[in-house]
Amino acid sequence: NLPVVTPECSATEMIHTISKGGLGLIIIAENQQIIGIVTDGDVRRAMEKYRAEFFNIRAIDIATRSPKTIAASQKLIEAEKQMTEHKINSLLVTSDEGALEGVIQLYDIKL
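On a predicted model such as this, the values are computed, not experimentally measured, just so you know.

Criteria and cut-off values
Residues numbered from 1 in each chain as written. Predicted model: local features only at pLDDT ≥ 70, side-chain atom pairs only at ≥ 80, totals over all residues. Heavy atoms only, no water. Pairing = 2+ DSSP bridges. Helix = DSSP H or I, 4+ residues; strand = E, 2+ residues; numbered from the N terminus. Axes fitted to C-alpha atoms, helices over the stretch in contact; angles between N-to-C directions. Buried < 20%, exposed > 50% of the residue type's maximum accessible area, 1.4 Å probe, protein only. 1 Å grid on protein atoms, 1.4 Å probe; cavity = no way out; pocket = protein on both sides within 12 Å on 5 of 7 lines; lining within 4 Å. Points joined across faces, edges and corners; volume = space filled by probe spheres on them. Nonpolar A, V, L, I, M, F, W, Y, C, P; charged D, E, K, R; others polar.

A. Summary view of the sheet that holds strand E5 (residues 69-71). Strand order in this open sheet of 3 strands is E5-E6-E7, and the pairing throughout is mixed. Each end of this open sheet is capped by a strand with a single partner; those strands are E5 and strand E7 (100-105). Going from strand to strand, the sheet's axes swing by 35° on average, the running direction of each strand aside. Across 5 bridges, the pairing between strand E6 (residues 90-94) and E7 is antiparallel. Bridged to Thr-94 within E7 is Leu-100.

Below, the structure is given as structure tokens:
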């Protein structure tokens, strides 16, 4: 039950899906292809930037395109290293073919 939305997802739906998903993010995908990611921080920054026009934006308008990923076959130490290096809290987990399999977050890792 990953919080996956389409690129055309409305601002209202973004907020609802982020809240419901419990991960602090949504994944933008189409035809099983990862397009981008929007975090709760991205939404807060967009609210400040767009103000009255915020509810006219779509997910793709504020997405980080080509988000950081890690293959499911990789070790946890590699995930922790990548998150620390890029100063991010989440990585999208993919199959060797690039299909979305899950999300790993920094606080999931107990090394």
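What follows picks up the thread again.
B. Up close: unusual backbone geometry. Positive phi, close to 55°, is recorded for Ser-66, a residue that is not glycine. With respect to the helices and strands, Ser-66 occurs in the loop between strand E4 (64-65) and E5. With a phi close to 55°, Lys-87 is a non-glycine residue in the positive phi region. In this fold, Lys-87 is placed in the loop between helix H4 (76-86) and E6. What makes Lys-87 exposed here is its relative accessible area of 77%.

C. Broad picture of the layout of surface pockets. In this structure, the largest pocket encloses a volume near 380 Å³. Along its surface, the largest pocket is lined by 18 residues, and Ile-37, Thr-39, Ile-88, Asn-89 and Ser-90 are the ones closest to its centre. Mapped by element, the contributors of at least two residues to the lining of the largest pocket are strand E3 (33-39), helix H2 (40-50) and E4. Class assignment for the residues of the lining of the largest pocket results in 6 nonpolar, 7 polar and 5 charged.

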